[in-house]
Amino acid sequence: MEYLTSGWRIRRPVRERRMAPCSFSCPVGNDLPEILYLVEKDRMREAWGALKSTNPFPSVCGRVCYRFCEPACNRGRLDEPLAIRAVERFLGDLGREKGWEVKAGRSTGKEVAVVGGGPAGLSCAYHLRLLGHEVRVFEAREKEGGLMAWGMPEEHLPRAVLEEELASLRGMGVEVERGHRVEGRRELEGYEAVVLATGRNPL
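All of these numbers come straight from a predicted model, not from anything done at the bench.

So, how was this worked out
Residues numbered from 1 in each chain as written. Predicted model: local features only at pLDDT ≥ 70, side-chain atom pairs only at ≥ 80, totals over all residues. Heavy atoms only, no water. Helix = DSSP H or I, 4+ residues; strand = E, 2+ residues; numbered from the N terminus. Buried < 20%, exposed > 50% of the residue type's maximum accessible area, 1.4 Å probe, protein only. Polar contact = N/O pair within 3.5 Å; in protein donor to acceptor, adjacent residues only side chain to side chain. Salt bridge = Lys/Arg side-chain N within 4 Å of Asp/Glu carboxyl O. Pairing = 2+ DSSP bridges. Axes fitted to C-alpha atoms, helices over the stretch in contact; angles between N-to-C directions. Contact = heavy atoms within 4.5 Å. pLDDT = per-residue confidence, 0-100. Core = buried A, V, L, I, M, F, W, Y, C linked by side-chain atoms within 4.5 Å. Disulfide = S-S within 2.5 Å. Lys, Arg positive; Asp, Glu negative; His and termini not counted. Left-handed = near helix turned anticlockwise from the far one by under 90°. Nonpolar A, V, L, I, M, F, W, Y, C, P; charged D, E, K, R; others polar.

Novice: Where do I start with the environment of Asp-79 in this structure?
Specialist: Within the secondary structure layout, Asp-79 lies in the loop between helix H5 (69-72) and helix H6 (84-98). With a relative accessible area of 46%, Asp-79 lands in the partly exposed category. At 2.8 Å, the side chain of Asp-79 and the side chain of Arg-75 are in polar contact.

So this is what it looks like as structure tokens:
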């Protein structure tokens, strides 16, 4: 038997915290291992909170997401990937059923204008409210939601589900001006910052 007596004796393993492949593949950046761990422990409210910390529309994504995370799931090497999108839909629907709410952050006194009320603009408004900023969204159409409202068939995304998700943003204090197309810079004067999220085909 060979005994090694050189530098290997002083080597120690280095532990690193790295992003799981499923989370790395998620465009939203959900902490999926943490969420799935909390679900497994039956800590549903905490799992919902962890999901909502990154995703303002879990009930929407749980229905229409392309599931980029599932092909990357390590479990697929053993048998089959976890049904992550189904878990997201379950948590989103459970949160709506239970009436769970996300509170806006402590007010900073700063106001931000978001031009465009589609998924990008509304997600931006959501995270700005989590940071405590006041947010006003300008939407050219008569209803916010963008592709969620105009591009998704009813059978894939029921409008009642979408409306509840949008109402949760308004409940956080996100103000939406519908039917308001921003025509010039003067309308945006006085805001601390302006976010342009008009989409690919603004009206």
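Additional details are given in the paragraphs that follow.
Novice: I would appreciate a short explanation of the pattern of salt bridges in the present structure.
Specialist: For side chains of opposite charge, pairing can occur when their charged atoms come near one another. Counted according to the given criterion, the structure contains 17 salt bridges. A salt bridge links Arg-136 to Glu-177; the shortest N-O distance between them is 2.9 Å. Within this pair, whereas Arg-136 is found in strand S2 (residues 134-139), its partner Glu-177 is found in strand S3 (residues 175-178), the two being separated by 41 residues in sequence. Residues Glu-144 and Arg-178 are paired through a salt bridge, measuring 2.6 Å at the closest nitrogen-oxygen approach. Pair noted here: Glu-144 is in the loop between S2 and helix H8 (147-150) and Arg-178 is in strand S3, with a separation of 34 residues, a long-range link. Accessibility expressed as a relative area gives 2% for Glu-144, which makes it buried.

Novice: What is the right way to look at the sheet that holds strand S1 (residues 111-115) in this model?
Specialist: Through backbone hydrogen bonds, the strands of a sheet pair up, either in parallel or in antiparallel fashion. Reading across from one edge, S3-S2-S1-S4 is the order of the four strands in this open sheet, with parallel pairing throughout. On the outer flanks of this sheet lie S3 and strand S4 (193-196), each paired with one strand and no other. Here the strands of the sheet are splayed against their neighbours by 20° on average, with no regard to which way each runs. Of the pairings in the sheet, the one linking S2 to S3 comprises four bridges and is parallel in character. Within S3, the position partnered with Val-137 by the bridge is Val-176. With respect to the sheet, helix H7 (residues 119-130) is in contact with S1, S2 and S4, its orientation differing from that of S2 by roughly 170°.

Novice: Can you help me understand the confidence of the model for the protein chain in this one?
Specialist: Low-confidence regions, as indicated by low pLDDT, have predicted coordinates that should not be scrutinised in detail. Within the protein chain, residue pLDDT values average 92, and 93% of them lie at 70 or more. Looking across the protein chain, the model is least confident in H8, with a mean pLDDT of 92, and most confident in helix H3 (residues 44-52), with 98.

Novice: For this particular structure, what's the right way to read the nonpolar core?
Specialist: In a soluble, globular protein the nonpolar side chains are often hidden away together inside. Among the nonpolar cores identified, the biggest contains 20 residues, and Phe-57, Leu-122, Val-137 and Met-148 are the most heavily contacted of them. Of all the elements in the fold, those that place two or more residues in this core are S1, H7, S2, H8 and helix H9 (159-171). Counting 15 residues, the second-largest nonpolar core is a separate cluster that includes Cys-22, Leu-38, Leu-51 and Trp-100.

Novice: Looking at this model, I keep getting lost on the state of the cysteines. Mind explaining?
Specialist: Should the sulfur atoms of two cysteines be covalently bonded, the bond is a disulfide. Scanning the model with the defined rule gives zero disulfides in all. Free cysteine Cys-69: the closest other cysteine sulfur is in Cys-65, separated by 6.0 Å. Cys-124 takes part in no disulfide bond, and the closest cysteine sulfur, belonging to Cys-61, lies 16 Å away.

Novice: Before we go on, may I ask you to explain the side chain of Glu-139 in this structure?
Specialist: Examined against the element boundaries, Glu-139 turns out to sit in strand S2. Put simply, Glu-139 is tucked away with no salt bridge, and the nearest opposite charge, on Arg-141, sits 5.0 Å away. For Glu-139, the side chain forms a polar contact with the main-chain nitrogen of Arg-141, separated by 2.9 Å.

Novice: Even after reading the chapter, I still don't get the packing of helix H2 (residues 32-40) against H6, so can you show me in this structure?
Specialist: Between H2 and H6, whose axes approach to 11 Å, the crossing angle comes to 65°. Here the hand of the crossing between H2 and H6 comes out left-handed. Residues Leu-32, Ile-35, Leu-36 and Val-39 of H2 lie in contact with H6, whose contacting residues are Ile-84, Val-87 and Leu-91. Tallied by class, the residues present in the contact of H2 with H6 amount to seven nonpolar, no polar and no charged.

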